[in-house]
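Here are the chains, one letter per residue:
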Amino acid sequence: MPVAYSFAAVLAAYLLGSLSFAVVVSRAMGLADPRTFGSKNPGATNVLRSGSKVAAIVTLLLDAAKGWLPVVLVRWYGAPYGLEDGTQALVGLAAFVGHLWPVFFRFQGGKGVATALGVLVGFSLWLGLATGATWLIVAFFFRYSSLASLASALFAPVYYVLVGGVVWDTERSIAAAIVVMSSLLAWRHKENIARLIKGTESRLGSKKGAANSAAVAPKGRRKRH
């Protein structure tokens, strides 16, 4: 039975991760589909290009929450059903994979930064805070969201291993899940890496005319002149 429970938990985590909140929130707030403008990535950063900070913040929080929730549910309530650290690792990874390849959105998902952060917070609040602080520091000094995400992906497994035994107990299954998430996150940023090398990557706060003109209410909701 523990295997069945574990399978059900992993499947539920994947389905939760498949909820692309960038698209859902944008539709609910009358904004254009984030997959149609800017970087075409259904994530909080691209939603921000629509000009709505509220939509971006809501997207960020919900994307993080869908990574955090499956992990903590297994941690809090999984023991009586035989669900231990291995299942925590699997459900966190499943939620992250669901964001990357969402079954509800034709497997066209985002890059997973916020969801990965939510998973890390689920594993350990301190690990999540350290990784989030890394993102903020790099973003503040270099003004590149992609570079901050790549740095966070690189340091997350390092933090987990180096501080293991001091702030948290290191588990191989969780360490493996973090390494896989970090690798996938870096792979999803391959185009950003190319632009960073060429010096054409857009900085945080920069606005592109094309993106801004596209990121308005969908057809039918635009004002008529």
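Here the structure is a predicted model, which is why all the values come from computation and not from measurement.

Caption draft 1: Main features of the overall build of the protein. Helix and strand counts for the protein stand at 11 helices and 0 strands. Over its C-alpha atoms the protein spans a radius of gyration of 18 Å, differing by no more than 12% from the 17 Å that the globule rule assigns to 225 residues. If you line up the protein on its principal axes, its C-alpha atoms span 65 × 35 × 25 Å. Scored against the burial criterion, the 225 residues of the protein give a buried share of 44%. Entry remark: accessible area of the protein is about 12,200 Å², with carbon and sulfur atoms responsible for 68%.

Caption draft 2: Just the environment of Pro42, in detail. Mapping Pro42 onto the fold places it in the loop between helix 2 (21-28) and helix 3 (44-48). A sequence separation of 122 residues divides Pro42 from Gly164, and the C-alpha atoms of the two residues are 33 Å apart.

Caption draft 3: Highlighting unusual backbone geometry. The phi angle at Arg106 is positive, at roughly 55°, despite the residue not being glycine. Even without being a glycine, Phe107 presents a positive backbone phi close to 60°. Locating Phe107 in the fold gives a position in the loop between helix 5 (85-100) and helix 6 (113-123). Given the relative accessible area of 47%, Phe107 is considered partly exposed.

Caption draft 4: Seen up close, helix 6. The buried count for helix 6 comes to 8 of 11 residues, which makes it a mostly enclosed element. When helix 6 is considered as a whole, its buried residues turn out to be Ala114, Thr115, Ala116, Gly118, Val119, Leu120, Gly122 and Phe123. In this structure, the buried residues of helix 6 make contact with helix 4 (53-77), helix 5, helix 7 (125-142), helix 8 (145-163) and helix 9 (172-188).

Caption draft 5: Main features of the side chain of Thr134. Relative to the helices and strands, Thr134 resides in helix 7. A polar atom in the side chain of Thr134 sits 2.9 Å from the backbone oxygen of Ala130. Ignoring any residue separated from it by four or fewer positions in sequence, one finds Thr134 in contact with Ala151, Ser152, Phe155 and Tyr159.

Caption draft 6: Representation of the packing of aromatic side chains within the structure. By the definition in use, this model includes 7 aromatic pairs. Consider the rings of Trp68 and Trp76, whose centres lie 6.1 Å apart with planes at 80°: the pair is edge-to-face. Summarising the aromatic geometry, the rings of Trp101 and Trp187 are spaced 6.2 Å apart at their centres and angled 35° between planes, so their arrangement reads as tilted. On the criterion of sequence distance, the pair formed by Trp101 in the loop between helix 5 and helix 6 and Trp187 in helix 9 is long-range, its members being 86 residues apart. Through successive ring pairs, a cluster of aromatic residues spans Trp68, Trp76 and Tyr77. Against the face of Trp101 rests Arg188, its NZ or CZ located 5.5 Å from the ring centre. The lysine or arginine in question, Lys190, covers the ring of Trp187, its NZ or CZ lying 4.3 Å from the ring centre.

Caption draft 7: Seen up close, the packing of helix 8 against helix 9. Between helix 8 and helix 9, the shortest axis-to-axis distance is 9 Å and the interhelical angle comes to 165°. In terms of their interaxial angle, helix 8 and helix 9 are classed as roughly antiparallel. For the pair helix 8 and helix 9, the sense of crossing is left-handed. Together, Ser149, Leu150, Ala153, Ala156, Pro157 and Tyr160 of helix 8 and Ile174, Ala175, Ile178, Val179, Ser182, Leu185 and Ala186 of helix 9 make up the contact between the two elements. Looking at the contact of helix 8 with helix 9 residue by residue, the class counts come to 11 nonpolar, 2 polar and no charged.

Caption draft 8: Layout of the nonpolar core. Core analysis: the biggest nonpolar cluster contains 28 residues, and Leu120, Phe123, Tyr160, Ile178 and Met181 have the highest contact counts within it. Only helix 1 (2-17), helix 4, helix 5, helix 6, helix 8 and helix 9 provide two or more residues apiece to this core. Top contributing element to this core by residue count: helix 5, with 7 residues. Those residues in contact with Phe123 that sit more than four places away from it in its chain are Val71, Arg75, Gln88, Ala89, Ile174, Ile178 and Met181. Formed by 7 residues, the second largest nonpolar core is a distinct cluster that contains Phe21, Leu31, Ala55 and Ala56.

Caption draft 9: Focus on the confidence of the model for the protein. A residue-level look at the protein finds 91% of positions with pLDDT of 70 or above and a mean pLDDT of 90. Within the model, pLDDT remains below 50 along residues 209-216, and this stretch shows 15 contacts once partners closer than five positions in the same chain are excluded. Counting contacts from residues 219-225, a segment whose pLDDT is below 50, to residues more than four positions away or on other chains yields 5 contacts.

Conventions used here
- Residue positions within a chain follow its written sequence, with the count starting from 1.
- It should be noted that, the model being predicted, local features are given only for residues of pLDDT at least 70 and side-chain atom pairs only at 80 or more, the latter also being counted only at that level, while totals for whole chains, interfaces and linings use all residues.
- Hydrogens and water molecules were not included; the side-chain quantities draw on all heavy atoms of the structure.
- Put simply, DSSP H or I for four residues or longer makes a helix, DSSP E for two residues or longer makes a strand, and each gets a number counted from the N terminus.
- We compute the radius of gyration over the C-alpha atoms and compare it with the globule rule, which gives 2.2 Å times the number of residues raised to the power 0.38.
- Residue exposure (1.4 Å probe, protein chains only): buried if accessible area is under 20% of the type maximum, exposed if over 50%, otherwise partly exposed.
- Accessible surface is estimated by sampling points in the Shrake-Rupley manner with a 1.4 Å probe; for residues, cover comes only from the protein chains shown.
- Throughout, a residue-residue contact means that at least one pair of heavy atoms, one from each residue, lies within 4.5 Å.
- Here a polar contact is recorded for every N or O atom pair within 3.5 Å, except that within protein the pair must consist of a potential hydrogen donor and a potential acceptor, and residues adjacent in sequence are included only if both atoms are side-chain atoms.
- When the centres of two rings from Phe, Tyr and Trp lie within 6.5 Å, Trp using its six-membered ring, the rings pair. Their planes under 30 degrees apart give stacked, over 60 give edge-to-face, and anything left gives tilted.
- Our definition puts a charge over a ring when NZ of Lys or CZ of Arg is within 6 Å of the ring centre and also within 35 degrees of the ring normal.
- All axes here are fitted lines through C-alpha atoms, helices being fitted over the stretch that makes contact, and every angle between N-to-C directions spans 0 to 180 degrees.
- In these notes the angle categories are as follows: under 35 degrees is roughly parallel, over 145 is roughly antiparallel, 65 to 115 is roughly perpendicular, and the rest is oblique.
- The handedness criterion is simple: a crossing whose near helix is rotated anticlockwise from the far helix by less than a right angle is left-handed, and one whose near helix is rotated clockwise is right-handed.
- Under this grouping Gly is polar, as are all residues other than the nonpolar Ala, Val, Leu, Ile, Met, Phe, Trp, Tyr, Cys and Pro and the charged Asp, Glu, Lys and Arg.
- Nonpolar core, defined: a set of buried Ala, Val, Leu, Ile, Met, Phe, Trp, Tyr and Cys residues in which side-chain atoms within 4.5 Å join the residues together.
- The predictor attaches a confidence to each residue, called pLDDT, with possible values from 0 through 100.

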